[in-house]
Amino acid sequence: MIDFLIERMHDARFMTMLLAAVATGATIYALVLPMFASDTLSKRMKAVASERERMRQRERERNNTRNEKVSLRQAPKQFVGRIVDEFNLTKWLAQEEAKGKLVMAGYRGHAPYITFLFFRMVTPITFLAGAAVYVFFIWHTEQSVTIKLGLCVLAAWLGMQAPMLFLRNSISKRQLSIKRAFPDALDLLLICVESGMSIEAAFRRVSQEMGGQSVALAEELTLTTAELSYLQDRKTAYENLQKRTGLEGVKSVCLALQQSERYGTPLGHTLRVLAQENRDMRMNEAEKKAASLPPKLTVPMIVFFLPVLFVVILGPTAIKLTTVLK
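Parameters at a glance
- All residue numbers here refer to positions counted from 1 along the written sequence of the relevant chain.
- Owing to the predicted nature of the model, reporting of local features is limited to residues with pLDDT of at least 70; listing and counting of side-chain atom pairs is limited to 80 or more, with chain, interface and lining totals taken over all residues.
- The side-chain figures draw on all heavy atoms in the structure; neither hydrogens nor water molecules are used.
- Numbering of helices and strands starts at the N terminus; helices are DSSP runs of H or I of at least 4 residues and strands are runs of E of at least 2.
- Burial classification: accessible surface area is computed with a 1.4 Å probe over protein chains only, and a residue below 20% of its type maximum counts as buried, one above 50% as exposed, and the rest as partly exposed.
- We call two residues contacting when some pair of their heavy atoms lies within 4.5 Å.
- Under the convention used here, a 1.4 Å probe and the Shrake-Rupley method define accessible areas, while residue burial counts only the protein chains that appear.
- Nine residue types can take part in a nonpolar core, namely buried Ala, Val, Leu, Ile, Met, Phe, Trp, Tyr and Cys, and a core is a set of them joined through side-chain atoms within 4.5 Å.
- Interaxial angle, 0 to 180 degrees, is taken between N-to-C directions of lines fitted to C-alpha atoms, where a helix line uses only the stretch in contact.
- Should an angle fall under 35 degrees it is taken as roughly parallel, and over 145 as roughly antiparallel, whereas 65 to 115 is taken as roughly perpendicular and any remaining angle as oblique.
- Only Asp, Glu, Lys and Arg are considered charged, only Ala, Val, Leu, Ile, Met, Phe, Trp, Tyr, Cys and Pro nonpolar, and every remaining residue, Gly among them, polar.
- Whenever a carboxyl oxygen of Asp or Glu lies within 4 Å of a side-chain nitrogen of Lys or Arg, that contact is scored as a salt bridge.
- Expected helix span is given by 1.5 Å per residue-to-residue step, counting one fewer step than there are residues.
- Taking the helix axis as origin, the arc is that swept by the directions to the C-beta atoms.
- The definition of a polar contact used here is a pair of N or O atoms within 3.5 Å, where within protein one atom must be able to donate a hydrogen and the other to accept one, and adjacent residues in sequence count solely through side-chain atom pairs.
- Two rings from Phe, Tyr or Trp (for Trp, the six-membered ring) form a pair when their centres sit within 6.5 Å of each other. Planes less than 30 degrees apart are called stacked, planes more than 60 degrees apart edge-to-face, and all others tilted.
- Confidence of the prediction at every residue is given by pLDDT, a number between 0 and 100.

## Some remarks on the overall build of the chain
Okay, so step 1: In terms of regular secondary structure, the chain is built from 14 helices and 0 strands.
Okay, so step 2: Of the regular secondary structure in the chain, the N- to C-terminal order runs α-α-α-α-α-α-α-α-α-α-α-α-α-α.
Okay, so step 3: Burial status across the chain gives 29% buried among its 326 residues.
Okay, so step 4: Of the contacts made within the chain by residues no fewer than 6 positions apart, 66% connect residues no fewer than 24 positions apart.
Okay, so step 5: In the structure as shown, the chain presents an accessible area of about 22,100 Å², 64% of it carried by carbon and sulfur atoms.

Here it is as structure tokens:
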């Protein structure tokens with residue numbers, strides 16, 4: 001099988017057809033994908049609104065001093081929840097760090113945590129079974145059994161790390177979206193505060209305006225607005241915003257808001273300075289990426305551009321020289 005693949009890779013006609021098919025498929029995908037893009041903003045804002053209603057219900061229950069528990073989150077799928085309960089995964093695979101990371105990635109409630117535990121168990125088994133079938137039955141090689149078992153163990157380890165890797169990627173994408181839109185949100189927040197709005201009304205207004213630029217930031221600001229309205233301690237709302245985002249710029253703004261609530265200091269100058277700092281940080285990151293672009297382009301230019309350039313320049317000369325020699 002490996003010899004067949006190597007032979008096909010050395011076939012110029014086959015490789016040309018394969019690259020042309022890949023290019024055609026990528027072009028069609030790029031043209032068709034925008035037609036099927038869903039409006040995620042409305043869905044996320046509906047989820048935030050339902051979360052606000054659940055928070056209102058929880059505060060009403062607390063004020064009425066009722067002892068029964070209120071279901072604030074959606075229950076996980078029945079099959080997944082049954083598997084987690086039967087194998088007691090909350091005891092063996094539970095991680096407090098994972099709960100915070102799920103919140104930072106935008107997955108709130110008990111259902112995403114149960115699903116995360118389920119995949120923490122399923123993916124290593126799936127990777128191990130797939131690697132074992134491939135190594136022992138499909139891949140005909142002269143390697144020893146120890147090496148094959150080592151490959152299977154490596155596949156199981158990769159399967160164990162796959163859910164955490166997916167979670168880290170989700171957090172990175174969400175933080176990048178928030179980081180890019182946060183300076184503009186601070187400018188709008190500054191305008192709202194200086195115009196005489198309360199901090200709750202300012203957060204609500206900014207979340208409505210920033211929905212088209214960053215859905216994640218609009219969602220976080222809307223949740224903060226709900227928490228400021230219903231939580232007894234406003235400091236907790238700012239701390240929750242800081243934990244959900246995990247960004248230094250958001251942390252600085254939350255600390256400034258807490259100090260303003262505690263000591264009564266004006267917010268206008270502080271928000272202006274923080275907005276400028278976040279804008280400078282965004283510009284510095286853009287300049288850093290631009291500065292790192294030439295070294296990254298060196299290898300692709302050597303591998304892809306220079307051979308073609310040599311062929312274009314020296315090709316006609318080589319053809320004429322061959323003709324003369326013949």
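Read on for the rest.
## A few points about the nonpolar core
Okay, so step 1: Counting 31 residues, the largest nonpolar core has Leu186, Ile199, Phe203 and Leu217 as its most contacted members.
Okay, so step 2: Looking at this core element by element, the count peaks at 8 residues for helix 8 (residues 145-194).
Okay, so step 3: Leaving out residues up to four positions away in the same chain, Leu217 has contacts with Ile178, Ala181, Phe182, Ala185 and Met210.
Okay, so step 4: Counting 10 residues, the second largest nonpolar core, distinct from the first, contains Ala98, Leu102, Ala105 and Ile171.

## A few points about the packing of helix 12 (residues 248-263) against helix 13 (residues 268-291)
Okay, so step 1: Running from N to C, helix 12 and helix 13 cross one another at 175°; their axes reach a closest spacing of 10 Å. One element, helix 12, and the other, helix 13, form an angle in the roughly antiparallel class. On helix 13, the residues that touch Gly249, Ser252, Val253 and Ala256 of helix 12 are Thr270, Leu271, Leu274 and Asn278.
Okay, so step 2: Residues that form the contact of helix 12 with helix 13 fall into these classes: 4 nonpolar, 4 polar and no charged.

## Looking at the pattern of salt bridges
Okay, so step 1: Across all of its chains, the model carries 13 salt bridges by this definition.
Okay, so step 2: For Glu219, the salt bridge is made with Arg174, and the minimal N-O distance between the two is 3.6 Å. Taken together, the residues Glu219 in helix 10 (residues 215-230) and Arg174 in helix 8 connect sequence positions 45 residues apart. Neither Glu219 nor Arg174 differs from the other in exposure class; each is buried.
Okay, so step 3: A salt bridge links Glu227 to Arg244; the nearest nitrogen and oxygen atoms lie 3.3 Å apart. One end of the pair, Glu227, is in helix 10; the other, Arg244, is in helix 11 (residues 234-245), with 17 residues separating them in the sequence. By the burial criterion, Glu227 is buried, and Arg244 matches it.

## Side note on helix 13
Okay, so step 1: An ideal rise of 1.5 Å per residue puts 34 Å on 24 residues; helix 13 measures up with 35 Å between its terminal C-alpha atoms.
Okay, so step 2: Within helix 13, burial applies to Gly268, Leu271, Leu274, Ala275 and Asn278.
Okay, so step 3: If you follow the buried residues of helix 13, they end up packed against helix 8 and helix 12.

## Considerations on helix 11
Three- or four-residue spacings in an α-helix give side chains the same orientation, since the helix completes a turn every 3.6 residues.
Okay, so step 1: In this model, helix 11 (12 residues) spans 17 Å end to end at C-alpha, consistent with the 16 Å of a helix rising 1.5 Å per residue.
Okay, so step 2: Of the residues making up helix 11, those classed as buried are Ala237, Tyr238, Leu241, Arg244 and Thr245. Projected down its long axis, helix 11 carries its buried residues within an arc of 125°, all on one side.
Okay, so step 3: Two or three places before Lys235, at the start of helix 11, stands the capping residue Asp233, its side-chain oxygen 3.2 Å from that residue's backbone nitrogen.
Okay, so step 4: The positive-phi residue at the C-terminal boundary of helix 11 is Gly246, with phi of around 70°.

## Thoughts on the packing of aromatic side chains
How two aromatic rings sit relative to each other is set out by the distance from centre to centre and by the angle between their planes.
Okay, so step 1: Summed over the entire model, instances satisfying the criterion amount to 1 aromatic pair.
Okay, so step 2: Ring geometry for Phe118 and Phe119: centres 5.5 Å apart, planes at 80°, overall edge-to-face.

## Notes on the packing of helix 8 against helix 10
Okay, so step 1: Remark: helix 8 packs on helix 10, axes separated minimally by 7 Å, with the N-to-C direction vectors making an angle of 70°. With respect to their mutual orientation, helix 8 and helix 10 come out roughly perpendicular. Listed contacts from helix 10 to Arg174, Ile178, Ala181, Phe182 and Ala185 of helix 8 are Ala216, Leu217, Glu219 and Glu220.
Okay, so step 2: Considering only residue class, the contact of helix 8 with helix 10 consists of 6 nonpolar, no polar and 3 charged.

## Some thoughts on the side chain of Glu219
Okay, so step 1: Owing to a relative accessible area of 5%, Glu219 belongs among the buried residues under this scheme.
Okay, so step 2: Among the polar contacts listed, one links the side chain of Glu219 to the side chain of Arg108, at a separation of 2.5 Å.

## Describing the confidence of the model for the chain
When pLDDT is low, close inspection of the predicted coordinates is not appropriate.
Okay, so step 1: Chain-level statistics for the chain give a pLDDT mean of 79 and a share of 79% at 70 or above.
Okay, so step 2: Within the chain, helix 5 (residues 89-92) has the poorest average pLDDT of any element, 56, and helix 8 the best, 88.
Okay, so step 3: Contacts for the low-pLDDT stretch residues 65-75, under 50 throughout, to residues beyond four places or in other chains number 14 contacts.

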